[in-house]
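# Examination of the molecular architecture
Spelled out from the first residue to the last, the chains are:
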Amino acid sequence: MKNKKRTSAKLLIMLVALELIAFSLSMFFEPHSIAAGGATGIAILLQAGWKIPTFISVLSINIVMLVLAYIHLDRQTTIKLAIGSFMLPLLLYITPVYNLIPNNRVISIIVGSIIFGIGLAILYTLNMSSGGTTVPPMIIHKNFGVDKYISLFIIDGLVCLGNFALNDLISFLLAVMSVGISSLAIKGFGIFHQRHITQ
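## Here's the deal with the overall build of the protein chain
Along the backbone of the protein chain there are eight helices and zero strands. Reading the helices (α) and strands (β) of the protein chain from amino to carboxyl end gives α-α-α-α-α-α-α-α. For the protein chain, whose C-alpha radius of gyration is 16 Å, the value lies close to the compact-globule estimate of 16 Å for 199 residues. If you line up the protein chain on its principal axes, its C-alpha atoms span 50 × 40 × 30 Å. Taking all 199 residues of the protein chain together, 42% fall into the buried category. Surface summary for the protein chain: the accessible area is close to 11000 Å², and the carbon and sulfur share equals 70%. Taking the 13 positively charged and 6 negatively charged side chains of the protein chain as two groups, their mean positions are separated by 16 Å.

Written out as structure tokens, the structure is:
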């Protein structure tokens, strides 16, 4: 009974974390066409360039990544990836796109990055993932021993460059700033969570 309650609580917290990510993308990033890395960033670039709905792009990328995970990673990891891989596109579909801060792209991206980072940090504390481009670094680390953060940094950097190709230099700089702010939010939440556990 206790295990069922713990699993239910974990899934509920995961759902909240994924909705934070979906909310930040729909309210702060997509309205300004800023792609700050990952599968969601690629989806925003596809939406800005070719009007493909973000949830469709994220779902498509996640399915491809899940197939790769199934081939190259263990079953337990693949199952964990699958939950977030299907839930995030669903939440992106039901979360409306609305520009909450229409007159200031910089403030919008700062706020969105903090919310996005907190969502990711919660997932990390649960040892879960939203899928997408977190898969290739896992595979590269398993086969070649390259640190996962290095591979993820390179992938995010390439996605950020897409802003420059599709939009302008300012969009690229905002995307890079977003990656930095999200990383700080993740670290800050991690420190807060660790202190809360030890108290």
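Read on for the rest.
## Points about the nonpolar core
Within the largest apolar cluster, 32 residues are counted, with the highest numbers of intra-cluster contacts made by I21, L25, F29, L88 and L123. For this core, the secondary-structure elements that each account for two or more residues are α1 (2-29), α2 (38-50), α4 (75-94), α5 (105-125), α7 (148-166) and α8 (169-198). The element that contributes the greatest number of residues to this core is α1, accounting for nine residues. Non-local contacts of L88, meaning those with residues more than four positions away in its chain, are made with L18, I21, A22, T40, V58 and S130. Formed by nine residues, the second largest nonpolar core is a distinct cluster that contains I61, M65, L66 and A69.

## A look at the confidence of the model for the protein chain
Counting all residues, the mean pLDDT for the protein chain is 93, and 98% of those residues have values of 70 or more. Per-element confidence in the protein chain ranges from a low mean pLDDT of 90 for α8 to a high of 97 for helix α3 (residues 54-72).

Calculation criteria
Residues numbered from 1 in each chain as written. Predicted model: local features only at pLDDT ≥ 70, side-chain atom pairs only at ≥ 80, totals over all residues. Heavy atoms only, no water. Helix = DSSP H or I, 4+ residues; strand = E, 2+ residues; numbered from the N terminus. Rg over C-alpha atoms; globule rule 2.2 N^0.38 Å. Buried < 20%, exposed > 50% of the residue type's maximum accessible area, 1.4 Å probe, protein only. Areas by Shrake-Rupley, 256 points an atom, 1.4 Å probe, with all protein chains shown as cover. Lys, Arg positive; Asp, Glu negative; His and termini not counted. Charge placed at Lys NZ, Arg CZ, Asp CG, Glu CD. Core = buried A, V, L, I, M, F, W, Y, C linked by side-chain atoms within 4.5 Å. Contact = heavy atoms within 4.5 Å. pLDDT = per-residue confidence, 0-100.

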